[in-house]
Amino acid sequence: MLSHDVDFRILGSDIQVLEIELDPNETVIAEAGAMVYMEEGIAFETKMGDGSEPDQGLMGKLFSAGTRLITGESLFLTHFTHRGGYGKSRVAFSAPYPGTIIPINLGDMPNGLIVQKDGFLAAARGTKISLHFNQKFGAGLFGGEGFILQKLTGDGKAFVHAGGTIIEKKLNNELLRVDTGCVVAFEPSIDFSVARAGGLKSMIFGGEGLLLATMRGTGRVWIQSMPVKKLIRALAPGGSNAQKESGSVLGGLMGSLMDE
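A brief look at the structure comes next. A quick note: this is a predicted structure, and the numbers were derived from the prediction, not measured. (Residues numbered from 1 in each chain as written. Predicted model: local features only at pLDDT ≥ 70, side-chain atom pairs only at ≥ 80, totals over all residues. Heavy atoms only, no water.)

This part takes up the environment of Met109. Relative to the assigned elements, Met109 resides in the loop between β8 (99–105) and β9 (113–116). Considering only alpha carbons, one finds Met109 and Glu187, 78 residues apart in sequence, at a separation of 8.0 Å. (Helix = DSSP H or I, 4+ residues; strand = E, 2+ residues; numbered from the N terminus.)

This part takes up the sheet that holds strand β5 (residues 42–47). Across the sheet, six strands lie side by side as β5-β6-β3-β10-β13-β8; this open sheet has antiparallel pairing. For this open sheet the edge positions go to β5 and β8, each flanked by a neighbour on one side alone. Between one strand axis and the next, the sheet turns through 20° on average, direction left out of account. Direction of pairing for β8 relative to strand β13 (residues 157–163): antiparallel, over a ladder of seven bridges. What sits directly across from Gly99, in β13, is Gly163. (Pairing = 2+ DSSP bridges. Axes fitted to C-alpha atoms, helices over the stretch in contact; angles between N-to-C directions.)

This brings us to a nonpolar patch on the surface. There is a patch of nonpolar side chains on the surface, built from Met35, Val36 and Tyr37 and spanning about 230 Å² of accessible area. For Met35, the location among the structural elements is in strand β4 (residues 35–38). Relative accessible area serves as the criterion here: at 33%, Met35 is assigned to the partly exposed category. (Patch = residues over 30% accessible without salt bridge, like charges linked within 9 Å, V, L, I, M, F, W, Y side chains within 5 Å. Areas by Shrake-Rupley, 256 points an atom, 1.4 Å probe, with all protein chains shown as cover. Salt bridge = Lys/Arg side-chain N within 4 Å of Asp/Glu carboxyl O. Buried < 20%, exposed > 50% of the residue type's maximum accessible area, 1.4 Å probe, protein only.)

Take the nonpolar core next. In this structure, Ile104, Leu113, Leu152, Val160 and Trp222 are the most contacted members of the largest nonpolar core, which totals 18 residues. Broken down by secondary-structure element, the contributors of at least two residues to this core are β8, β9, β10 (120–124), β13 and β15 (183–186). It is β13 that contributes the most residues to this core, three residues altogether. Core analysis: the next-biggest nonpolar cluster, separate from the first, contains 16 residues, Leu18, Val28, Ile42 and Ile101 among them. (Core = buried A, V, L, I, M, F, W, Y, C linked by side-chain atoms within 4.5 Å.)

Below is the structure:
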């Protein structure tokens, strides 16, 4: 199914809003609860599945919805369609936490895009959202991130949300190590694995987590500066300062013991 050709603009800087302009009978799909406002003529319907396979039977829809549950997303997607007789109408979306919205043209990615399980925000109808398992089981079992991912394929526009600032890195047969929670998306040509973060003392007291994601190959990688887990820790009582002070005191004490 060919994706609908939607126009869009991204509003704001720190807490962004995605506004999509629809022609009559055009449809955009979005995560449940992401809608901020919609103009006259827009109708919405909550459905199982992304609508990329209109002739899909009930079992296919159930399987598609079930894979979304595995990734921790809602069972349903909301479909917004311009039902007005003429002209254009707009619908807007925002993510559940502060960050940056990234527009992606899937038509430039014949092999699709791999996205972290909570990164998808919206897409033109015709985009297929499927489950993607990382072949390296340890990446999810020990890394806490990256084992269960989503794959977006199609020929239209998709929109991915990232926490904080987004950095796009282009690798040319290179290696990049990233905090496991900071990986937002990457092209399938990139090999994704997880490696131990330094020695025992660094792993326990360094504050960088036990493991790092290793991205290797040729292709693009998108990285976020503030994944939602870090944001939650920073806003918790004591926040990151308490963690740093604790790590500094314990790290100095244990470091001395380990050096003896």
